[in-house]
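Chain and residue survey
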Amino acid sequence: METTIYTKGSWLIVRLKGELDVATVPAARAKVEQALQRQTITGLLVDLTNVMFMDSSGLGFLLGRYRRLVENKGTMIVVGAQGQVRRVLELSGLTRIIPQKPTLAEAMVVMGEGK
Amino acid sequence: MVNNTMYLEFPSKPENVSFARTAVAAFVSQLDPTMPELADISTAVSEGVTNAVVHAYPGSEGPVAITVYLTDQQVSIEIKDEGCGIADVNKVRRFGITSCGQERMGIGLSLIEACVDDVRIESREGQGTCLFLRKRLGEQGGSLAND
């Protein structure tokens, strides 16, 4: 699992590549949590375009970050979920909780509104 | 009539979850399943093995065994551990129940039920748990089917 993190204004952009399961989630969570310590961050975008597999461990990771953001009056967007990843998100009901956008470009519109 | 069988055993390490689902998917591929069917089987195996890794051996490791039976258009999978067992199987089958304090959604079993046709759990406290999964191929109606 590769985790690439950068900021854009008050948003933290997290790009994940690989598979999100019980073995890979702890490292991704630690990196994202460390980055979220910055007080200026009010939004989190998680790009799943290059995530080829995700199970409930990954769902827990996303929901945990979402709760953290919401508790601090922030917002979160998930981008690029497709195939098995999208199906698991839909089956879990997470698509009804965390806003989803098919592409980064469409998410950027929401991010602009959130500034 | 069983056309083919596979048996796999490994320690309950998180790193082996990926190995388990990949190995099962590779074995099932000989039945020429659709990509959505294969994705659902991978999801179910990942959840079943994760349950064994996370819950069966608290604070330690133990064996996890997978047996896969292939018939004409049906996949049967058994995921077995020799761990602490489940006191109340009906309780863990309810959505949202989890015995683990970590950041987990507790919906692993619900996901399994959504991905395969039949799920059965046999468990005895102190003796382990066996998860039986069955999926018929060629009946896919999930959202992935239209991708």
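Structure's up top.
Calculation notes
- Residues numbered from 1 in each chain as written.
- Chains lettered and ligands numbered in written order.
- Predicted model: local features only at pLDDT ≥ 70, side-chain atom pairs only at ≥ 80, totals over all residues.
- Heavy atoms only, no water.
- Helix = DSSP H or I, 4+ residues; strand = E, 2+ residues; numbered from the N terminus.
- Buried < 20%, exposed > 50% of the residue type's maximum accessible area, 1.4 Å probe, protein only.
- Contact = heavy atoms within 4.5 Å.
- Areas by Shrake-Rupley, 256 points an atom, 1.4 Å probe, with all protein chains shown as cover.
- Pairing = 2+ DSSP bridges.
- Buried area = accessible area lost by both parts, 1.4 Å probe.
- Salt bridge = Lys/Arg side-chain N within 4 Å of Asp/Glu carboxyl O.
- Polar contact = N/O pair within 3.5 Å; in protein donor to acceptor, adjacent residues only side chain to side chain.
- Axes fitted to C-alpha atoms, helices over the stretch in contact; angles between N-to-C directions.
- Expected span 1.5 Å × (residues − 1).
- Core = buried A, V, L, I, M, F, W, Y, C linked by side-chain atoms within 4.5 Å.

Examining the overall build of chain B
Each helix and strand counted, chain B has four helices and five strands in total. Listed N to C, the secondary structure of chain B is β-α-α-β-β-α-α-β-β in terms of helices and strands. Counting only residues that meet the buried cut, chain B has 50% of its 147 residues in that class. Sequence-distant contacts, at least 24 apart, represent 66% of the contacts inside chain B between residues at least 6 apart. Of the roughly 7100 Å² of accessible surface on chain B, a fraction of 48% belongs to carbon and sulfur atoms.

Topic: the pairing of strand β4 (residues 118-124) of chain B
For a regular strand, side chains alternate in direction, first toward one face of the sheet and then toward the other. Residues and elements named next belong to chain B. Pairing of β4 with strand β5 (residues 128-136) involves seven bridges; the strand directions are antiparallel. By the bridge assignment, Arg124 is partnered in β5 with Gly128. The turn linking β4 back onto β5 is made up of three residues, and Gly126 within it adopts a positive phi angle of 80°.

Let's talk about the interface of chain B and chain A
Contact residues are listed per partner, giving 26 residues for chain B and 24 residues for chain A. Across the chain B/chain A interface, buried area totals approximately 2000 Å², and carbon plus sulfur atoms make up 55% of it. The tally of links from chain B across to chain A stands at three salt bridges. For Asp21(A), the salt bridge is made with Arg21(B), and the minimal N-O distance between the two is 2.9 Å. Joining chain B to chain A, the criterion identifies eight residue pairs in polar contact (both at pLDDT 80 or more). Going through the elements one at a time, α1 (15-28), α2 (35-56) and α4 (108-115) of chain B are the ones with two or more residues in the side of chain B that touches chain A. If one sorts the elements of the side of chain B that touches chain A by residue count, α2(B) sits on top with eight residues.

Here's the deal with the sheet that holds β5(B)
All names here are of chain B. Reading across from one edge, β1-β2-β3-β5-β4 is the order of the five strands in this open sheet, with antiparallel pairing throughout. Edge positions in the sheet fall to β1 (4-11) and β4, since each of these pairs with one other strand and no more. The sheet shows a mean angle of 10° between the axes of neighbouring strands, taken without regard to direction. Two elements, β1 and strand β2 (residues 63-71), share eight bridges in a ladder whose sense is antiparallel.

Structural notes on α1(B)
Burial in α1(B) covers these residues: Asn16(B), Val17(B), Ala20(B), Arg21(B), Ala23(B), Val24(B), Ala25(B), Phe27(B) and Val28(B). Looking at the buried positions of α1(B), the neighbouring elements they touch are β2 (11-20) and β3 (43-54) of chain A together with β1, α2, β2 and β3 (74-81) of chain B.

Some thoughts on the side chain of Ser12(B)
Residue and element names in this part refer to chain B. As for its position among the elements, Ser12 is in the loop between β1 and α1. Given a relative accessible area of 4%, Ser12 falls into the buried group. Residues in contact with Ser12, not counting those within four places in the same chain, are Ala52, Val53, Tyr57, Ser60, Glu61, Gly62 and Val64.

Side note on unusual backbone geometry
Residues and elements named next belong to chain A. Look at Lys73: it is not a glycine, yet its phi comes out positive at around 60°. Tracing the chain through its elements places Lys73 in the loop between α2 (56-71) and β4 (75-79). Note on Lys73: relative accessible area 79%, which makes it exposed.

Examining α2(B)
An α-helical segment advances 3.6 residues per turn. Residues three or four places apart therefore align on the same side. The end-to-end C-alpha separation of α2(B) is 31 Å, in line with the 32 Å expected for 22 residues at 1.5 Å each. α2(B) sits mainly inside the fold: 18 of its 22 residues count as buried.

Things to note about the side chain of Asp21(A)
Along the polypeptide, Asp21(A) turns up in the loop between β2 and α1 (25-36). Excluding residues within four positions of it along the chain, Asp21(A) makes contact with Asp55(A), Ser57(A), Val17(B), Ser18(B) and Arg21(B).

As for the nonpolar core
Core analysis: the largest hydrophobic core is formed by 36 residues, its most contacted members being Val24(B), Val49(B), Ile66(B), Val68(B), Val75(B), Ile77(B) and Leu133(B). Of all the secondary structure elements, the ones that give two or more residues to this core are β1, α1, α2, β2, β3, α4, β4 and β5 of chain B. With 31 residues, the next largest nonpolar core counts Val14(A), Val32(A), Ala35(A) and Ile98(A) among its residues.

So, the sheet that holds strand β1 (residues 2-8) of chain A
Residues and elements named next belong to chain A. Reading across the sheet, the five strands line up as β1-β2-β3-β4-β5 and stay open at both edges, with mixed pairing between neighbours. The open sheet has two edge strands with one neighbour each: β1 and β5 (100-101). Alignment of β4 against β5, held across two bridges, turns out to be parallel. Each bridged residue has a counterpart across the sheet, and for Val78 the counterpart in β5 is Gln100. Packing of helix α3 (residues 83-92) onto the sheet brings it into contact with β3, β4 and β5, and relative to β3 it is tilted by some 120°.

Take it as geometry only, folks, not as evidence of what the structure does.
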